[in-house]
Amino acid sequence: MLDQVRDALNGIKAPNGQGLVDAGYVQGLDEDAGVVRLVLEAPADRAKALVPLKAAVEKAVRAIDGVKGTQIITTTQRTPAAAGGQHAHGPAHGQDQQASAAAAPERRAPTDAKLPRPARHVMGVASGKGGVGKSTTAYNLAVALAQDGLRVGILDADIYGPSVPLLSGLGADAKPDLDDQKRMIPLQAHGLELMSIGFLVPADSATVWRGPMVQNALFQLYGSTLWGGGAGLDVLIVDLPPGTGDIQLSLAQQSALDSAIIVTTPQDLALVDALKGVSMLEKVSTRVLGVVENMSHFVCPDCGGLHRIFGEGAGETLKNTKNLSVIGEVPLSMPIRKGADEGQPVVLSAEPSLAKEAYVDIMKKIKPLIMT
Ligand SMILES: Nc1ncnc2c1ncn2[C@@H]1O[C@H](COP(=O)(O)OP(=O)(O)OP(=O)(O)O)[C@@H](O)[C@H]1O
Ligand SMILES: [Mg+2]
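A brief look at the structure comes next.

Calculation criteria
- Residues numbered from 1 in each chain as written.
- Chains lettered and ligands numbered in written order.
- Predicted model: local features only at pLDDT ≥ 70, side-chain atom pairs only at ≥ 80, totals over all residues.
- Heavy atoms only, no water.
- Pairing = 2+ DSSP bridges.
- Helix = DSSP H or I, 4+ residues; strand = E, 2+ residues; numbered from the N terminus.
- Axes fitted to C-alpha atoms, helices over the stretch in contact; angles between N-to-C directions.
- Contact = heavy atoms within 4.5 Å.
- Buried < 20%, exposed > 50% of the residue type's maximum accessible area, 1.4 Å probe, protein only.
- Polar contact = N/O pair within 3.5 Å; in protein donor to acceptor, adjacent residues only side chain to side chain.

1. Side note on the sheet that holds strand E10 (residues 233-239)
Then comes step 1: Ordered by their spatial adjacency, eight strands build an open sheet running E8-E9-E5-E10-E4-E11-E12-E15, and the pairing between neighbours is mixed. Each edge of the open sheet is held by one strand with a lone partner, namely strand E8 (187-189) and strand E15 (326-330). The sheet shows a mean angle of 25° between the axes of neighbouring strands, direction not considered.
Then comes step 2: Both strand E4 (residues 119-126) and strand E11 (residues 259-264) contribute to a ladder of four bridges, which runs parallel. Within E11, the residue paired with Met 123 across the bridge is Ser 259.
Then comes step 3: Helix-sheet contacts for helix H5 (residues 134-147) involve E4, strand E5 (152-156), E8, strand E9 (192-196), E10, E11 and strand E12 (287-294), and the interaxial angle to E5 is about 165°.

2. Observations regarding the side chain of Asp 234
Then comes step 1: Mapped onto the elements of the fold, Asp 234 is located in strand E10.
Then comes step 2: Take Asp 234: its relative accessible area is 8%, and that puts it in the buried class.
Then comes step 3: For Asp 234, the side chain forms a polar contact with the main-chain nitrogen of Arg 151, separated by 2.8 Å.
Then comes step 4: Ignoring any residue separated from it by four or fewer positions in sequence, one finds Asp 234 in contact with Ala 119, Arg 120, His 121, Leu 150, Arg 151 and Met 371.

Structure representation (structure tokens):
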């Protein structure tokens, strides 16, 4: 099938008149179960051409018999001037972050054919704003999937506030071992494989990184990690940093997400941010499976009453505006908070709880969507 794809791509002309493959625009072409993945790479001064080219490539590839889907990442080449000049590595001031990310030369995406796919399915967990419980949700869902028999890993891509060292109970002093090819062997806890920037750099030092350094760090985590002993996992869950800025967009793009879920709290304001998160994922053609409403309600341990502390109506709004459904409601619960702080996910707790049930329910809804 790849030969057909190459022919189809050469039928589309690059700005210099050559076919796209011959002109060197296509990198990392591969195919897995009918899904064609490739990186469309243009010289920096041709970046604008990438948008119409991507649409043309998508159309041409989808027209080929047997193609079930596409995953196309666009990127511009690093120019020699930029490589040696303003983007040289080194600490920078925090306020540079957004500006640098916008101006940063994008780097080769980690779907390069030389890199093994980290998993059969890569699912992002995103949120429009911080502190909504994204990492806690990502971790508990990952554990629930592993409990259900899948080989699961978590990639903590939240460079500015890594949570996996805490959630796993391993702490920031844990370090991955390297194999003889200098690939990182993921750490393990609760039946998961784990990788986090928090295991690689001292706490706080990442907060002054600029866009290109952040991207570079993620490449290391994503591409140089020996997931599943080199054989790959069933599912890799990527805990994305909160927000919808350039850095988030570029991380979402470069982690080559097959799908994503959005975590939000029920307030109207959080919802507005969640919708921005959905729009961001749409930009990188990532399929959004649905929304997890966290801290959705509180069940009073004394009277048993259910209180919707942060309001309700989010589900309706999401359905009306984005045709998305709420795939689960996680209660505001002490065992969740305690488990997160103590590195003991509530999903593994021996005691039954509404919190545990909520995560397992979401896992059961997600599993058939991602393990097709
Ligand atoms: N359903 C819940 N009930 C009680 N506490 C919760 C719940 N979900 C998350 N928390 C707590 O809220 C805090 C923030 O959660 P978490 O770190 O998962 O959020 P986040 O969205 O990943 O934040 P950040 O934007 O900093 O990455 C943590 O202390 C966590 O234990
Ligand atoms: Mg987090």
